[in-house]
There are 2 protein chains.
Amino acid sequence: MEAMNENSTLYSAVTMNLDSTHSQVVPITLFVALLCVCLVIGHLLEEYPWLNESITAILIGFVVGTIILCTSKWKSSRLLRFSEELFFIYLLPPIIFNAGFQVKKKQFFHNFFPIMLFGVTGVLISTSIVAAGCWWLFPKLGFNGLTISEYLSIGTIFSSTDTVCTLQVLSQDETPLLYSLVFGEGVVNDATSVVLFNAVQKINADTLNSHTALRIFLDFLYLFTTSTLLGVSAGLVTAYILRGLYVGRHSSVREIALMVLVAYLSYMLAELFELSGILTVFFAGVLMSHYSWHNVTESSRITTRHSLINQIISKLRYAFATLSFIAETFIFLYVGMDALDYEKWKMSMLSIWTKMGIYSTVMMLILVGRVAFVFPLSIISNYMHRSGGDSTKISRKHQMVIWWAGLMRGAVSVALAFKQFTHSGVTLDPTNATMITTTIVIVLFSTIVFGFLTKPLVDHLLPSTSSNSNTTNTRGDPGSPKEDMTLPLLSVEESASENLSRAKDNLSMLMDRPVYTIHSYWRRFDTAYMRPIFGGPCSDENHSSSSC
Amino acid sequence: MEAMNENSTLYSAVTMNLDSTHSQVVPITLFVALLCVCLVIGHLLEEYPWLNESITAILIGFVVGTIILCTSKWKSSRLLRFSEELFFIYLLPPIIFNAGFQVKKKQFFHNFFPIMLFGVTGVLISTSIVAAGCWWLFPKLGFNGLTISEYLSIGTIFSSTDTVCTLQVLSQDETPLLYSLVFGEGVVNDATSVVLFNAVQKINADTLNSHTALRIFLDFLYLFTTSTLLGVSAGLVTAYILRGLYVGRHSSVREIALMVLVAYLSYMLAELFELSGILTVFFAGVLMSHYSWHNVTESSRITTRHSLINQIISKLRYAFATLSFIAETFIFLYVGMDALDYEKWKMSMLSIWTKMGIYSTVMMLILVGRVAFVFPLSIISNYMHRSGGDSTKISRKHQMVIWWAGLMRGAVSVALAFKQFTHSGVTLDPTNATMITTTIVIVLFSTIVFGFLTKPLVDHLLPSTSSNSNTTNTRGDPGSPKEDMTLPLLSVEESASENLSRAKDNLSMLMDRPVYTIHSYWRRFDTAYMRPIFGGPCSDENHSSSSC
């Protein structure tokens, strides 16, 4: 079996691995059953706002892990062995594609500057602080044996946030700017930490000097740029194919299939070339929802069922959202189960006090690392937007919420930790086992404890519903508070026509603001050159909305 | 690795198999790229109606197989090794769930009798003829070494049809009865042949007597009934949970996720208990679209966005259709590649003439096996519907089309053949290798040659568009030809309100027809007892459509 012919790469491991007849039916069945239980219990507990899906999944995983641990006589607490490939090849792409696809492009690009500031610069700052802090404090706690590049990896692992919990608590309508910042930072943060992790992986130096730091930064820039370009190309190619070949045809199923497959292909190509698939598929999602989506609609428009199919297709987003939701629940369920993995706990041969020291050090560094960039960067962002009025200013209370929102650690941290410190989910080295258990403890602690506290904290900081709506309205724009340029990024229900009317209202407003000048140039370029080639919704500048 | 602990079943093979780091990225990337190419070329060639997706995928697989064969120096023609587990665990469930979900329940149950006659009785007759024919003729051709139970398996393998090709050619509007019969038979046929295959697998007797035949029949009945009941229960449980727990809540994503997961869970449970997952997931799909779907809608209705969400959700069917479409294309692509597997051809040590004899024997038996049931069963169906007027009669020409539609062999045949004659995609025995190559030749030949001929044949048998619409109208019913009780089964665009108005028109008509009496009793039972418990659309008997 091992000594396969030279063609083994092509001969593939995927299906070979599905060989063990029926041995997989049992764990898959159990896992799917557990996912169902999570959904039902999660929904039953919806009345308790301090509980969320992540916490429920972790707790159920914990209970089931205990049962398995007992029935298997302390041998294992898991149904499935975690493989970071399972995560990176099957679970992550739909989550990120969905994020890119659902993002409200207009809002994302309006708040582009602060989002990038928090998402990219923030990760760089946080990684440096966590890595330096661990490098300085771990030996003092009596925990040695990590290399410089491992410290840097730890920095990136603990810089990737999980903002889902906070997003569930924030209201899109009441605090649109805050919501869009938290959501945007969450997406960019995921991508940045994975890219930075990959950049760090390439460093073999044992000493940290300015040259190494520069190389990491250049590698990061290279990965960031090429991955983005690959994703953008994938989106444009799909748009071009859909527009060029499919005009007047009517098989929406085939067109949707092509979009999904090209997005996945771009992800896999990025992984193949050792770029960041996460960034690639995110931008593929953004571009596809900007151009391709409307081409699918347009080709269907000719069959005279315009409004119906337009709705069908924009609502298909639910399908992507569902996939993404299942993948996320799966990961938290797994983390809950893995927390009880007896082997790993036994293997890390440190005293309970050293371990507690490590956990609290990392937790403290996460808190400090986030303080170190949220508040200074908010000041910079406010300075840049000084002419934008109150609505684009990040108030002190909002800064607190942004800081808190990024304290939770989730799926990406776990996946990166497994990639760094295990070989196919198995750890044999005590140091590595310690780092895996540390990651799991941090994820569990931050998700459960901080997760529980999020709702009370947000309620305390942003107390009254009405007062918030009022502050939104004080800007004196003519539309309702909903039709605000600082609208939340994520909206499943957003239709093309809403987009159009909102765009009209905002256009004149946009032109007055210096920060958005680039954006308005982009809009002109898009209308004049891009849309004629790649398609997309009729622009509000050239057409009246009735002609769309 | 092999000597894992006693807990190995739980310790799972799924993710263990995803270990071989990055070795799977290359084949997955290539396969996804090929799928994209298939879609684009398939769409480019849409002008040529005798070409369809299946043929395109097979031919592309063939070309790529040749290239791989050359570059790998005659060692392999495949990117992935076929495992019937890959097919039965990941690809088949979405295809069948989609079929169950999309089926127009009203039309399916109206034409229930002829569909079951063709789908169930037809498979039993065809299996007997093919099995007996092979058992009688193979030794005469000099091909020995098959057991009685293998002959029976061959019978079921070559009795599963692939009607996709014919459905692409038939028009739902022009020949609604014909379309619904071909589609319905296709779905029931898939399920029946898999169930019969499993029933045959349990037989170990070396002699065929009436007792064995009876046991197979009883096994078949048992599998058919229990699998159906499991699927129905899964559908009802989901409906009950959605209705009972979720009223007034608004997370459609979670509700959709629950539906998909329960459907998949029912499939896996059926496989675990050695029932037929295909039947289970089909009926789960039917029940879910009947009850749960409307519960998801109903709970969202309270949030006052009724019509919008109603449309969103009924249109999500596109997502299932897309999944199913990708899985089907994948399978044909694979079959095209596998056709060039040099090892298998070398291994079956028969002369070219014996092989040709085997292929033509099987092909001939398929033709005869279908003649033997389509025409007699049509006569029975016509006799039962003698009071139904011309529209429910299956004309001689329609019988020809039904016969032709079931001549193609596809994915299920390949999967069953791999299950019977290989061990995890590898054949070491010459007899088994011959049967695998025979299956592939039959699938290729029937899909390509018969597929090419389908369009001309249907055009010849059902020549003019207008004359067909006229025959539909001669029944003198007040509605348009579309609002016909013999409407096509499959409609992605069918909305609840259309359903309602059509149901009203048909209700009085139904009551006059003896065959539909059971159906009308069922409707009353459904309205009185089932819908109050499990939900579903408002009935046309108790409510006016405005109150829905």
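Per an unreviewed UniProt entry, chain A goes by the name Cation/H+ exchanger transmembrane domain-containing protein and belongs to Lactuca sativa. Note on chain A: under the UniProt heading Subcellular location (unreviewed entry), the record states "Membrane".

Q: Describe the overall build of chain A, naming the residues involved and giving the relevant values.
A: Helix and strand counts for chain A come out as 22 helices and zero strands. Among the 548 residues that make up chain A, the fraction classed as buried is 63%. Looking at chain A alone, contacts between residues at least 24 apart form 81% of all its contacts between residues at least 6 apart.

Q: Outline helix α19 (residues 430–461) of chain B, listing residues and values.
A: With 32 residues, α19(B) should cover 46 Å at 1.5 Å per step; its first-to-last C-alpha distance of 43 Å lies within 8% of that length. At T454(B), α19(B) shows its strongest bend, of approximately 35 degrees, with the proline P456(B) following within four residues.

Q: So what's going on with the nonpolar core? Residues and values would help.
A: The biggest cluster of nonpolar side chains holds 300 residues, and the ones touching the most others in it are F138(A) and F138(B). Excluding residues within four positions of it along the chain, F138(B) makes contact with G133(B), F143(B), L146(B), Y151(B), I154(B), I358(B), T361(B), V362(B) and M435(B).

Q: Tell me about the packing of aromatic side chains, and please be specific about residues and values.
A: Residue and element names in this part refer to chain A. According to the stated counting rule, one finds 16 aromatic pairs over all chains in the structure shown. Relative to F283, the ring of F282 lies with its centre 5.3 Å away and its plane at 80 degrees, an arrangement referred to as edge-to-face. Judged on exposure class, the residue F282 and its partner F283 are both buried. Joined through ring pairs, the aromatic side chains of W403, W404, F445 and F450 make up one cluster.

Q: Hey, could you go over the side chain of T29(A) for me, with residue numbers and the actual values?
A: In this structure, T29(A) sits in helix α2 (residues 25–44). In this structure T29(A) comes out as buried when scored by relative accessible area, which is 5%.

Q: Can you explain the environment of V374(A)? Please cite residues and give values.
A: If you trace the backbone, V374(A) turns up in helix α16 (residues 352–384). Sequence separation between V374(A) and G65(A) is 309 residues; the distance between their C-alpha atoms is 37 Å.

Q: So, the pattern of salt bridges: which residues are in play, and what are the values?
A: Residue and element names in this part refer to chain A. Under the counting rule described, the total for this entry stands at four salt bridges over all chains. Between E185 and R370 there is a salt bridge, and its shortest N-O distance comes to 2.9 Å. With E185 in helix α9 (residues 176–201) and R370 in helix α16, this pair connects stretches of sequence that are 185 residues apart. Each member of the pair, E185 as well as R370, carries the same accessibility label: buried. Here K455 makes a salt bridge to D459, at a shortest N to O gap of 3.7 Å. Of this pair, K455 and D459 are both found in helix α19 (residues 430–461), four residues apart, which corresponds to roughly one turn of the helix. Looking at K455, the relative accessible area reads 25%, which means it is partly exposed. With a relative accessible area of 39%, D459 lands in the partly exposed category.

Q: Could you give an account of the confidence of the model for chain A, with specific residues and numbers?
A: Low pLDDT marks regions whose predicted coordinates should not be analysed in detail. Residue and element names in this part refer to chain A. The pLDDT averaged across chain A works out to 72; a share of 68% of its residues lies at or above 70. In the model of chain A, helix α1 (residues 8–11) stands out as the element of lowest mean pLDDT, 32, in contrast to helix α6 (residues 112–137), which has the highest, 90. Taken as a whole, residues 297–312 scores under 50 in pLDDT and shows 26 contacts with residues more than four places along the chain or in a different chain. Note that pLDDT drops below 50 for residues 465–512; the model gives that stretch 101 contacts with residues more than four away or on any other chain. Both scores are available for the predicted complex, with the pTM at 0.73 and the ipTM at 0.71.

Q: Describe helix α3 (residues 53–71) of chain A, listing the residues and the values that go with them.
A: The α-helix winds at 3.6 residues per turn, so residues separated by three or four positions along the chain end up facing the same way. Taking 1.5 Å of rise per residue, 19 residues should cover 27 Å, and α3(A) covers 27 Å from first to last C-alpha, within 8% of that figure. Listed in full, the buried residues belonging to α3(A) are E53(A), S54(A), I55(A), T56(A), A57(A), I58(A), I60(A), G61(A), V64(A), G65(A), I68(A) and L69(A).

Q: A description of the packing of α6(A) against α16(A) should follow, citing residues and the corresponding values.
A: All names here are of chain A. One way to put it is that α6 packs onto α16 with a least axis distance of 8 Å and a crossing angle of 150 degrees. Compared by their axis directions, α6 and α16 come out roughly antiparallel. Where α6 crosses over α16, the two elements pack in a sense that is right-handed. In terms of residue class, the contact of α6 with α16 is made up of 20 nonpolar, eight polar and no charged.

Q: Could you give an account of a nonpolar patch on the surface, with specific residues and numbers?
A: Nonpolar side chains collect at one region of the surface, where L214(A), F217(A), L218(A) and L221(A) lie side by side and expose about 360 Å² of accessible area between them. The topology assignment puts L214(A) in helix α10 (residues 210–246).

About the thresholds
Residues numbered from 1 in each chain as written. Chains lettered and ligands numbered in written order. Predicted model: local features only at pLDDT ≥ 70, side-chain atom pairs only at ≥ 80, totals over all residues. Heavy atoms only, no water. UniProt positions renumbered as here; feature names shortened; annotations may be inferred. Helix = DSSP H or I, 4+ residues; strand = E, 2+ residues; numbered from the N terminus. Buried < 20%, exposed > 50% of the residue type's maximum accessible area, 1.4 Å probe, protein only. Contact = heavy atoms within 4.5 Å. Expected span 1.5 Å × (residues − 1). Bend = angle between axes of the 7 residues up to and from the residue. Core = buried A, V, L, I, M, F, W, Y, C linked by side-chain atoms within 4.5 Å. Phe/Tyr/Trp six-rings, centres within 6.5 Å; stacked < 30°, edge-to-face > 60°. Salt bridge = Lys/Arg side-chain N within 4 Å of Asp/Glu carboxyl O. pLDDT = per-residue confidence, 0-100. Axes fitted to C-alpha atoms, helices over the stretch in contact; angles between N-to-C directions. Parallel < 35°, antiparallel > 145°, perpendicular 65-115°, else oblique. Left-handed = near helix turned anticlockwise from the far one by under 90°. Nonpolar A, V, L, I, M, F, W, Y, C, P; charged D, E, K, R; others polar. Patch = residues over 30% accessible without salt bridge, like charges linked within 9 Å, V, L, I, M, F, W, Y side chains within 5 Å. Areas by Shrake-Rupley, 256 points an atom, 1.4 Å probe, with all protein chains shown as cover.

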